[in-house]
Amino acid sequence: MRVEEIELREIRLPLVRFFETSFGRTTQRRIVLVRVSMDGLTGYGECTAGEGPFYSYETADTAWHVLKDFVGPNALRNDFQGAIHVRDWLRPIRGHPMAKAALEAALWDWEARSKNKPLWKLLDGKGGEIPCGVSIGIQDTVEELLAGIEREIGAGYRRIKVKIKPGWDWEILKTVRRHFPHVPLMADANSAYSLADLELLRRLDEFQLMMIEQPLAYHDLFDHAVLQEALRTPICLDESIRQVEDARHAIELGSCRIINMKLGRVGGFTEALQIHSLCLASGIPLWCGGMLESGIGRAHNIALSTLEGFTLPGDVSASKRYWERDIVQPPVEVTPHGTIRVPDGPGIGYQPDLEFIDRITVRKEVLRA
Ligand code: OSB
Ligand code: MG
């Protein structure tokens with residue numbers, strides 16, 4: 001079977017409030033959506049590339065180019081025999097995992113719909129509920145951070161992740177711990193430190209963090225192993241794990257004790273499934289990260305989070321934390337006990353709101369075989 005049509009769209013979606021990490025502040029997302037059509041059915045994917053090349057080198061514009069000129073034409077040329085094989089089609093295109101993952105995710109959604117199954121079942125996950133945490137960005141004041149944490153604990157979330165950077169780290173975590181002595185807490189540095197900061201990072205051990213996420217360089221495994229040896233707090237890698245080989249190297253080197261999985265960063269579900277198997281076999285806990293996704297990407301993250309190796313609360317939270325109005329119906333909602341009920345409908349299980357998506361589309365391109 002051949003993919004008949006691929007539609008690319010870029011939408012603009014303002015965040016309800018800015019989101020700041022050690023690499024900068026985002027106020028509005030530019031999101032590339034992919035829709036595939038084949039045999040009278042459609043599937044949807046979302047590209048997690050950011051507005052600028054700061055989390056990784058990909059941007060909404062590079063993803064658009066690579067999808068339109070390489071990934072899309074490649075998919076139209078190949079014989080579709082299941083979403084599990086799409087990664088192999090795309091192997092000749094080096095890098096650009098977020099562009100690839102967007103197309104691949106649309107084909108996973110399509111395949112699940114074609115079998116009239118929820119995506120989580122196709123992935124061999126289990127239904128029910130997934131536990132949720134939140135990621136809280138760098139704020140203008142510590143008071144705003146404390147108020148934010150208070151609000152999210154009140155909403156039921158099961159762990160709090162605080163973004164840190166040099167100058168917004170030890171003092172901030174000290175204050176957070178004083179106000180919330182027992183909350184499951186972690187910190188994400190997005191590569192803002194180096195081994196020269198080892199003493200400072202060691203002093204974070206006193207806060208009983210569940211983990212510290214990606215303290216060192218985005219491509220590094222070696223220095224993280226040196227750091228992990230010196231810390232009591234487990235290191236969780238995000239940016240450094242781009243493929244199953246990275247996960248294997250990290251586990252063998254002792255670079256981390258936990259892995260944050262992101263579909264875009266690893267190039268899609270097939271790679272994610274392999275990393276998942278490796279982590280299960282190695283006793284490395286996983287959780288699903290987030291990239292400020294709209295409802296389509298969020299729905300894919302929910303399906304992925306149902307796999308048995310995802311034992312820690314992820315960064316998959318309610319639509320309303322980010323969007324005034326999400327692009328799926330119903331929006332993603334979180335129960336008062338901090339879980340998301342996994343939908344039982346076919347595919348991703350959330351309905352794209354096509355009329356709203358049309359209104360916020362800034363460019364569109366249709367590729368045909
Ligand atoms: O490092 O996990 C990260 C958002 C954008 C880029 C990188 C990261 C994040 C988050 C947000 O932490 C998680 C979310 O989508 O809620
Ligand atoms: Mg991170």
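Residues numbered from 1 in each chain as written. Chains lettered and ligands numbered in written order. Predicted model: local features only at pLDDT ≥ 70, side-chain atom pairs only at ≥ 80, totals over all residues. Heavy atoms only, no water.

Once that is clear, we can look at the pattern of salt bridges. All chains considered together, the criterion is met by 36 salt bridges. Between E355 and R359 there is a salt bridge, with its nearest N and O atoms 3.2 Å apart. Placement of the pair is E355 and R359 together in helix α13 (residues 354-359), with a separation of four residues, close to one helical turn. Owing to a relative accessible area of 47%, E355 belongs among the partly exposed residues under this scheme. Here the salt bridges share partners, and the residues they tie into one network are E5, E7, R9, R35, D358, K364 and R368. (Salt bridge = Lys/Arg side-chain N within 4 Å of Asp/Glu carboxyl O. Helix = DSSP H or I, 4+ residues; strand = E, 2+ residues; numbered from the N terminus. Buried < 20%, exposed > 50% of the residue type's maximum accessible area, 1.4 Å probe, protein only.)

When its domains are assigned, the protein chain resolves into domain 1 (5-115 + 353-368) and domain 2 (121-341). One C-alpha centre belongs to domain 1, the other to domain 2; they are set 23 Å apart. Contacts between the two partners involve 42 residues from domain 1, matched on the other side by 46 residues from domain 2. Of the roughly 3,600 Å² buried between domain 1 and domain 2, counting both surfaces, carbon and sulfur atoms make up 62%. On the domain 1 side of the interface with domain 2, the three residues burying the most area are F19, Y55 and R87, jointly 20% of the side's total. For the pair domain 1 and domain 2, the number of links is six salt bridges. In this structure, the salt-bridge partner of K165 is E20, at a minimum N-O distance of 3.7 Å. Remark: the boundary between domain 1 and domain 2 carries 23 residue pairs in polar contact (both at pLDDT 80 or more). Among the elements of the structure, β1 (5-21), β2 (24-38), β3 (41-46), α3 (97-114) and α13 are those that each provide at least two residues to the side of domain 1 that touches domain 2. (Domains from an automatic or database assignment. Contact = heavy atoms within 4.5 Å. Buried area = accessible area lost by both parts, 1.4 Å probe. Polar contact = N/O pair within 3.5 Å; in protein donor to acceptor, adjacent residues only side chain to side chain.)

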